[in-house]
Amino acid sequence: MPEPADQSRPTFLLVPGGHHGPWVYDRLRAVLDAHGWRSRTVSLRSAVEQSAPAEPLPGMYDDAEVIREALAGTPGPVIPVAHSYGGVPLTEALADASGVVHAVYVAAYLLDVGEGMFQSHGVPVPDSLAGLRPPQNPELNLPAAFYDGDPDSQETKEAVARLVPQTVRADFETVTRAGRRTVPTTYVIPENDVSLTATVAERMAARADFVRRVPGHHAPFYSHPREFARVLMEIGEQSAAR
């Protein structure tokens, strides 16, 4: 039976990465709920589910607005947890946020002003930011890399089937305000991340106040929700005690 939520504890605001929806956090939320921790998620506008969306498509700044509104609408202390691409709009949104006591970046892009996600990999900015990037993107990343890297794994197949296209605009729009500098930050590195993000994880982690390492792949809260929940709960307890 789940423990009743302790209203004095922070709420976790879970921000998905590119191509993903809130569903990717379902396993983690079940564990948090069982231990009396509140959580909520957001749907980023750059993860497009429409079959023929009209330009201009939403980008990183639109996602930042979604996060900003969710932070403002969450009563009491809040700890945003951003995965992968989600770290970019979170950093943009934090500059206006109140009530945030800590921010957690999970295999995420922890950027500074003027930086964009793909620019951190040396990818040149295209002449146009229009269009969508499908999850199947061999020159940059394969969908299975978001999980265990095994396209024949049944669990991975099921997760990959739920991915949606991501807007090119979100890939390249740059941070204008480094809100991450306004709150304590923890960077979480999964031990078995085979995604493109893993190639810059150590560099990103060096910008955080604290670094944690956890078992699992690029989405450790999906493959190892209990272990990942323990990390979040520890951060939450420490933040509540301050």
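This text follows the structure it describes.
Residues numbered from 1 in each chain as written. Predicted model: local features only at pLDDT ≥ 70, side-chain atom pairs only at ≥ 80, totals over all residues. Heavy atoms only, no water.

## Some words on the overall build of the chain
Summing up its helical and strand segments, the chain has eight helices and eight strands in all. Taking 242 residues into account, the globule formula puts the C-alpha radius of gyration at 18 Å, and the chain, at 17 Å, falls close to it. With 242 residues in all, the chain has 53% of them scored as buried. Considering only contacts within the chain whose residues lie at least 6 apart along the sequence, 75% involve residues at least 24 apart. Carbon and sulfur atoms make up 51% of the accessible area of the chain, which amounts to about 10,200 Å² in all. Of the side-chain charges in the chain, 21 are positive and 30 negative, and the distance between the mean point of each set is 4 Å. (Helix = DSSP H or I, 4+ residues; strand = E, 2+ residues; numbered from the N terminus. Rg over C-alpha atoms; globule rule 2.2 N^0.38 Å. Buried < 20%, exposed > 50% of the residue type's maximum accessible area, 1.4 Å probe, protein only. Contact = heavy atoms within 4.5 Å. Areas by Shrake-Rupley, 256 points an atom, 1.4 Å probe, with all protein chains shown as cover. Lys, Arg positive; Asp, Glu negative; His and termini not counted. Charge placed at Lys NZ, Arg CZ, Asp CG, Glu CD.)

## Observations concerning empty space enclosed by the protein
Tallying each qualifying case throughout the model produces one cavity of 30 Å³ or more. As a volume, the largest cavity reaches approximately 150 Å³. Along the wall of the largest cavity there are 16 residues; nearest its centre are Ser84, Met117, Arg133, Asn141 and Phe146. Partitioned by chemical class, the residues of the lining of the largest cavity number seven nonpolar, seven polar and two charged. (1 Å grid on protein atoms, 1.4 Å probe; cavity = no way out; pocket = protein on both sides within 12 Å on 5 of 7 lines; lining within 4 Å. Points joined across faces, edges and corners; volume = space filled by probe spheres on them. Nonpolar A, V, L, I, M, F, W, Y, C, P; charged D, E, K, R; others polar.)

## A short note on the sheet that holds strand 1 (residues 11-15)
One open sheet accounts for six strands, arranged 2-1-3-4-7-8; its pairing is parallel. Either end of the sheet is taken by a strand with one partner, and the two such strands are strand 2 (39-41) and strand 8 (210-214). Along the sheet, successive strands turn relative to each other by an average axial angle of 20°, direction set aside. Pairing of strand 3 (residues 78-83) with strand 4 (residues 103-106), which is carried by three bridges, proceeds in the parallel orientation. Each residue of the ladder has a partner; that of His83, found in strand 4, is Val106. In the packing of helix 1 (residues 26-34) onto the sheet, the strands contacted are strand 1 and strand 2, and the crossing angle to strand 2 comes to about 160°. (Pairing = 2+ DSSP bridges. Axes fitted to C-alpha atoms, helices over the stretch in contact; angles between N-to-C directions.)

## Focus: unusual backbone geometry
In this structure, the amide linkage connecting Glu55 to the following residue, Pro56, adopts the cis form with an omega of 0°. Its place among the elements puts Pro56 in the loop between strand 2 and helix 2 (60-72). One non-glycine residue with positive phi stands out, namely His19, at about 75°. Tracing the chain through its elements places His19 in the loop between strand 1 and helix 1. The exposure class assigned to His19 is buried, which follows from its relative accessible area of 2%. A positive phi angle, close to 45°, is found at Ala107, a residue other than glycine. Here Ala107 is to be found in the loop between strand 4 and strand 5 (132-133).

## Re the packing of aromatic side chains
One pass over the structure, following the stated rule, counts seven aromatic pairs. When the centroid spacing of 5.4 Å and the interplanar angle of 40° are considered together, the rings of Phe12 and Trp37 count as tilted. Separated by 25 residues along the polypeptide, Phe12 in strand 1 and Trp37 in the loop between helix 1 and strand 2 bring together distant segments of the chain. Each member of the pair Phe12 and Trp37 is classed as buried. Note on Tyr147 and Tyr222: the rings are 5.5 Å apart at their centroids and 55° apart in plane angle, and the pair reads as tilted. Placement of Tyr147 in the loop between strand 5 and helix 4 (154-160) and of Tyr222 in helix 7 (residues 220-223) is noted, with a sequence separation of 75 residues between them. In this structure Tyr147 comes out as buried when scored by relative accessible area, which is 1%. Through successive ring pairs, a cluster of aromatic residues spans Trp23, Phe146, Tyr147 and Tyr222. The lysine or arginine in question, Arg27, covers the ring of Tyr222, its NZ or CZ lying 4.0 Å from the ring centre. (Phe/Tyr/Trp six-rings, centres within 6.5 Å; stacked < 30°, edge-to-face > 60°. Lys NZ or Arg CZ within 6 Å of the ring centre and 35° of its normal.)

## Quick look at the environment of Ile189
Tracing the sequence through the fold places Ile189 in strand 7 (residues 185-190). Along the chain, Ile189 and Gly87 lie 102 residues apart, while their C-alpha atoms are 13 Å from each other.

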